[in-house]
Amino acid sequence: VFFPFSLLQTFGGSDGEEEERPAWNSKLQYILAQVGFSVGLGNVWRFPYLCQKNGGGAYLVPYLILLILIGIPLFFLELAVGQRIRRGSIGVWNYISPRLGGIGFASCVVCFFVALYYNVIIGWSLFYFSQSFQQPLPWNECPLVKNKTNVEPECEKSSATTYYWYREALDISNSISEGGGLNWKMTLCLLAAWLMVCLAMIKGIQSSGKVMYFSSLFPYVVLICFLIRALLLKGSVDGIRHMFTPKLEIMLEAKVWREAATQVFFALGLGFGGVIAFSSYNKRNNNCHFDAVLVSFINFFTSVLATLVVFAVLGFKANILNSKCVALNTNKIVALLGNGIEANLIPHHINLTQVSQVSAEDYHQMTEIIRGVKEDDYEKLGLESCSIEEELNKAVQGTGLAFIAFTEAMTHFPASPFWSVMFFLMLVNLGLGSMFGTIEGILTPLIDTFKVRKEFLTVGCCVLAFSIGLLFVQRSGNYFVAMFDDYSATLPLLIVVILENVAIAWVYGIDKFFEDLKDMLGFTPFRFYYYMWKFITPILLLVLLGSSLIQLIMTPPSYSAWIQEEAKEQTLRFPPWGIFVCISLVVMAIMPVPVVFGLRYFNIIDENTSGLSTVSYKKGRIIKESARPGEDDDTSLIQGKSPSEAPSPILGAVAAAPSEEFPLCKSLHQSGGWPLKSSPVID
């Protein structure tokens, strides 16, 4: 009895690994981790923009259809393989097919690229959070030129919030080619963001899991508070009505379906490896199908809730701007009375001596009468239409929504510093929840494969990422964030997820996978998933990949630059070196897939030498396939021993070796001290 244990210790076997692998403290903690990873900044600032741009309420129809056809099946697939194989993305795809092991490495590369710029956005949110403890808010009005009484020209041409974002926060350069040196304020904020991530992740899910209780739940508290507050503001109903007025004709456009599919894809964090990493810490019999449906619909509910909040606030902002427009143009009419506009054209019930009392309806009535009489000369009068609908149609997304439009609306809130603090604290929490999943998608596969200390790898990864991240906090850093956001993830992740789907459905075999799911869950999943995984989802993904490639080819690589002298955005082409970087990002992210496939196909690297965990899988599989008739013959990769349950490859070699090479083994066997026939390795 003593000998195998001591031998196991001597040769460093992996039998004890099952107990050593961390596990979630509770199901709630795990669900919050998955929700925190999938619900991110995109739910707050990209989904509302797409909803407004692509038909309002009608956009929800293609989104829901594609969530069911693409999102839930692929989310379920990633949860299932992670939970059963109990490894990160590298170990999972090595286990399914060593030649496809590059899929896991590609996921890690994409996660690293995304983490580099995603944490910069958290840094921006931290900066605004730190500046929100002031009354009035620092972006409330335009600053004066130093030692003068006139307003900064750049601010006067744009707006106070726009000026603060581009000049005070980013101190942005005019183009990507003008580096301009480091922005020290944003450098410190980026350092703080990486320190937060490092401290939360350093102990693995034991530390990050506890943080999830706050980082995942707090954004919902803020969103609900914002919704209640926004609904009490004048004009909020106008925003919500505009949001959900369906434009059904737009649904027939292919672009709407492509953008809905892309949003579904990224909203759930598919292909990053974070979903697989989190589910690998689950119990074997956890109902991951229920988890997939639950998290997917929580994500959808969050997007709709955030959209309601955004458009209630934007409706309020549109009414404020419309009131200013009415007052400004009414003053123009007063100035033009008797000098281009006759006094008898003004309805009697409108009192122009009190301009502040003139309503939007009164103004529109005046302009309609003036337009009817002065039809030919109306344009020369310079009167604006002052329409709430026009204000709401000015679509803003991403940083423009969070750091310009929303901040401007909050300056008109009562107790605006409080709401600003809450809003940016919510953005920090949303960002951190996604960052934890992204970093876990890097750390878990590398730890499982190379057996390094979690603490050392976490610190090393964060230090490296911060060092590279200095690229994003120079004065031209915002342009690099846009570059990485557009080119480092979209195509590579699409290719990764297509390969994941094909690996399970066609390489491993959909029938065997269904048997594995039945064994793991205790019931057979709906037949719906069989046809989704085998045919429909891969076809839809290929169509999405093709349309994305066509869009990239048809649209030259460009970015929006802020021109200081003109105080407005301008679309510029990337310089030749910028185009090279864009292409390099895509190539570097995908390169591991063909490289690993080629190395293993041509036997340059033996399939058994991809790490201790993979050797364990291979040994376990070979022995199981040679089981004696009459015993439980289970040749399924996933349904057999999990990697952590697999026997030590070295013990397997000892047990299978001729007894002459190990005389002690022979004597123990002959004396009955080591019953080889009952060894799990031999069985």
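Bear in mind the structure is a predicted one, so any value in this text is a computation, not a measurement.

A.B. asks: Would you take a moment to explain helix H8 (residues 102–131) for this structure?
C.D. replies: An α-helix turns once every 3.6 residues. As a result, residues three or four positions apart point the same way. A rise of 1.5 Å per residue sets the reference length of H8, with its 30 residues, at 44 Å; its end C-alpha atoms lie 44 Å apart and thus fit the reference within 8%. Extensive coverage of H8 is indicated by the burial of 25 of its 30 residues.

A.B. asks: I'm lost on a nonpolar patch on the surface in this one. Help?
C.D. replies: Taken together, the side chains of Val502, Trp506, Val507, Tyr531, Phe535, Ile536, Ile539 and Val543 make up a nonpolar region of the molecular surface, amounting to roughly 730 Å² of accessible area. Contributions of two or more residues to the nonpolar patch are made by helix H24 (490–521) and helix H25 (527–554). Top element by residues in the nonpolar patch is H25. It accounts for 5 residues. Inspection of the secondary structure puts Val543 in helix H25. Exposure remark for Val543: the relative accessible area of 54% places this residue in the exposed category.

A.B. asks: Looking at this structure, how should I read the environment of Gly315?
C.D. replies: The topology assignment puts Gly315 in helix H16 (residues 288–336). Take Gly315: its relative accessible area is 0%, and that puts it in the buried class. Put simply, Gly315 and Arg241 are 74 residues apart on the chain and 9.0 Å apart in space, counted from C-alpha to C-alpha. Residues contacting Gly315, with those up to four places away along its chain left out, are Gly235, Ser236, Gly239 and Leu392.

A.B. asks: Help me understand the pairing of strand S2 (residues 568–573), please; the structure alone is not making it clear to me.
C.D. replies: The side chains of a regular strand alternate, residue by residue, between the two faces of the sheet. Of the strand pairs in this sheet, strand S1 (residues 558–563) and S2 are connected by 6 bridges, and their pairing is antiparallel. Bridging across to S2, Ser558 finds its partner in Arg573. Following S1, the chain reverses through 4 residues before pairing antiparallel with S2; Ala567 in that reversal takes a positive phi of roughly 55°.

A.B. asks: In this structure, what is going on with the packing of helix H21 (residues 416–450) against helix H22 (residues 454–469)? I would like to understand it.
C.D. replies: The geometry of H21 relative to H22 is characterised by a closest axis approach of 11 Å and an angle of 140° between their N-to-C directions. As far as their axial angle goes, H22 and H21 are oblique. Remark: the crossing between H21 and H22 carries right-handed chirality. For the pair formed by H21 and H22, the contact residues are Glu440, Ile442, Leu443, Thr444, Leu446 and Ile447 on the first element and Lys454, Leu457, Thr458 and Cys461 on the second. Each residue belonging to the contact of H21 with H22 can be placed in one class, and the counts come to 6 nonpolar, 2 polar and 2 charged.

A.B. asks: Where do I start with the side chain of Ser107 in this structure?
C.D. replies: Examined against the element boundaries, Ser107 turns out to sit in helix H8. A distance of 2.9 Å separates a polar side-chain atom of Ser107 from the backbone oxygen of Gly271. If we ignore the near neighbours within four places in the chain, the residues touching Ser107 are Ser89, Gly271, Phe272, Val496 and Glu500.

A.B. asks: Help me out: how do you make sense of the packing of aromatic side chains in this one?
C.D. replies: How two aromatic rings sit relative to each other is given by the distance of their centres and the angle of their planes. Summed over all chains, the structure comprises 53 aromatic pairs. Note on Phe226 and Phe423: the rings are 5.9 Å apart at their centroids and 70° apart in plane angle, and the pair reads as edge-to-face. Here Phe423 lies in helix H21 and Phe226 lies in helix H12 (residues 205–231), a separation of 197 residues in the sequence. Seen in terms of ring centroids, Phe265 and Phe266 are 5.3 Å apart; in terms of plane orientation they differ by 85°. Their pairing is edge-to-face. In this structure Phe266 comes out as partly exposed when scored by relative accessible area, which is 26%.

A.B. asks: Looking at this model, I keep getting lost on the UniProt feature "binding site: Na(+)" (unreviewed entry) in the protein. Mind explaining?
C.D. replies: The UniProt entry lists Gly36, Val39, Asn43, Asn299, Leu430 and Ser434 under the feature "binding site: Na(+)" (unreviewed entry), expressed in the numbering used here. For this annotated set, covering 399 residues, all C-alpha atoms fall within 12.5 Å of each other, a compact arrangement in space. Note that Val39 resides in the loop between helix H3 (27–38) and helix H4 (41–45). By relative accessible area, Val39 is classed as buried at 4%. Residues contacting Val39, with those up to four places away along its chain left out, are Tyr220, Ala267, Asn299, Thr302, Leu430 and Ser434. Tracing the chain through its elements places Ser434 in helix H21. Judged by relative accessible area, Ser434 falls into the buried class, the value being 6%.

A.B. asks: I keep staring at the nonpolar core and nothing clicks. Help me out?
C.D. replies: Grouped together as the largest cluster of nonpolar side chains are 183 residues, with contacts concentrated most on Trp93, Trp194 and Phe226. When residues of this core are assigned to their parent elements, the largest contribution, 18 residues, is made by H8. In this structure, Phe226 is in contact with Val309, Phe406, Met410, Phe413, Trp419, Met422 and Phe423, ignoring residues within four places of it in sequence. Judged by nonpolar contacts, the second largest core, of 17 residues, contains Leu345, Ile350, Val358 and Tyr363.

A.B. asks: Looking at this model, I keep getting lost on the state of the cysteines. Mind explaining?
C.D. replies: In a disulfide, the sulfur atoms of two cysteines are held together by a covalent bond. Counted by the stated rule, this structure contains 2 disulfides. A disulfide bridge connects Cys142 with Cys155, and the sulfur atoms are separated by 1.9 Å. Because the torsion about its S-S bond is -80°, the bridge between Cys142 and Cys155 counts as left-handed. One end of the pair, Cys142, is in the loop between H8 and helix H9 (153–157); the other, Cys155, is in helix H9, with 13 residues separating them in the sequence. Note that Cys325 is cross-linked by a disulfide to Cys386, the S-S spacing being 1.9 Å. The S-S bond linking Cys325 to Cys386 shows a torsion near -80°; that makes this disulfide left-handed. Linking Cys325 in helix H16 with Cys386 in the loop between helix H18 (378–381) and helix H19 (388–393), this pair joins segments that are 61 residues apart in sequence. Residue class for Cys386 comes out buried when judged on its relative accessible area of 4%. There is no disulfide at Cys198, and the cysteine sulfur nearest it, in Cys462, is 4.2 Å away.

A.B. asks: Sorry if this is basic, but what is going on with the environment of Val502 here?
C.D. replies: Within the element layout of this structure, Val502 appears in helix H24. The class for Val502 is partly exposed, based on a relative accessible area of 30%.

A.B. asks: Explain the pattern of salt bridges to me, please; I cannot follow it from the model alone.
C.D. replies: Where charged atoms of side chains with opposite charge meet at close range, the side chains can pair. Inspection of the entire model under this criterion finds 12 salt bridges. One salt bridge in this structure joins Asp519 and Arg284, with 2.2 Å as the shortest N-O distance. In this pair, Asp519 sits in helix H24 while Arg284 sits in the loop between helix H15 (274–279) and H16, placing the two residues 235 residues apart along the sequence. When its relative accessible area of 33% is taken as the criterion, Asp519 is described as partly exposed. Through salt bridges that share partners, Glu154, Arg167, Asp171 and Arg475 make up one connected network.

A.B. asks: It is not clear to me how helix H14 (residues 254–267) should be interpreted in this structure. Could you clarify?
C.D. replies: Taking 1.5 Å of rise per residue, 14 residues should cover 20 Å, and H14 covers 20 Å from first to last C-alpha, within 8% of that figure. Summarising burial for H14: 10 of the 14 residues are buried, a large majority. Where H14 terminates, the next one or two residues include Gly269, which has phi positive at roughly 70°.

A.B. asks: Sorry if this is basic, but what is going on with the environment of Ser175 here?
C.D. replies: Here Ser175 is to be found in the loop between helix H10 (160–169) and helix H11 (184–201). Judged by its relative accessible area of 13%, Ser175 is buried. Residues in contact with Ser175, not counting those within four places in the same chain, are Ser476, Tyr479, Tyr559 and Leu572.

A.B. asks: Even after reading the chapter, I still don't get the packing of helix H6 (residues 60–85) against H16, so can you show me in this structure?
C.D. replies: When two helices pack together, their arrangement is given by the angle between the helix axes and by the axis-to-axis distance. Taken N-terminus to C-terminus, the directions of H6 and H16 make an angle of 140°; their axes are 9 Å apart at the nearest point. In terms of axis orientation, H6 runs oblique to H16. Considering the relative orientation of H6 and H16, their crossing is right-handed. Side by side, H6 and H16 meet where Leu60, Tyr63, Leu64, Leu67, Ile72, Phe75, Phe76, Leu79, Ala80 and Gln83 of the first sit next to Cys288, His289, Asp291, Ala292, Val293, Val295, Ser296, Phe297, Asn299, Phe300 and Val304 of the second. A per-class count over the contact of H6 with H16 returns 16 nonpolar, 4 polar and 1 charged.

Rules of the game
- Residues numbered from 1 in each chain as written.
- Predicted model: local features only at pLDDT ≥ 70, side-chain atom pairs only at ≥ 80, totals over all residues.
- Heavy atoms only, no water.
- Helix = DSSP H or I, 4+ residues; strand = E, 2+ residues; numbered from the N terminus.
- Expected span 1.5 Å × (residues − 1).
- Buried < 20%, exposed > 50% of the residue type's maximum accessible area, 1.4 Å probe, protein only.
- Patch = residues over 30% accessible without salt bridge, like charges linked within 9 Å, V, L, I, M, F, W, Y side chains within 5 Å.
- Areas by Shrake-Rupley, 256 points an atom, 1.4 Å probe, with all protein chains shown as cover.
- Salt bridge = Lys/Arg side-chain N within 4 Å of Asp/Glu carboxyl O.
- Contact = heavy atoms within 4.5 Å.
- Pairing = 2+ DSSP bridges.
- Axes fitted to C-alpha atoms, helices over the stretch in contact; angles between N-to-C directions.
- Parallel < 35°, antiparallel > 145°, perpendicular 65-115°, else oblique.
- Left-handed = near helix turned anticlockwise from the far one by under 90°.
- Nonpolar A, V, L, I, M, F, W, Y, C, P; charged D, E, K, R; others polar.
- Polar contact = N/O pair within 3.5 Å; in protein donor to acceptor, adjacent residues only side chain to side chain.
- Phe/Tyr/Trp six-rings, centres within 6.5 Å; stacked < 30°, edge-to-face > 60°.
- UniProt positions renumbered as here; feature names shortened; annotations may be inferred.
- Core = buried A, V, L, I, M, F, W, Y, C linked by side-chain atoms within 4.5 Å.
- Disulfide = S-S within 2.5 Å.

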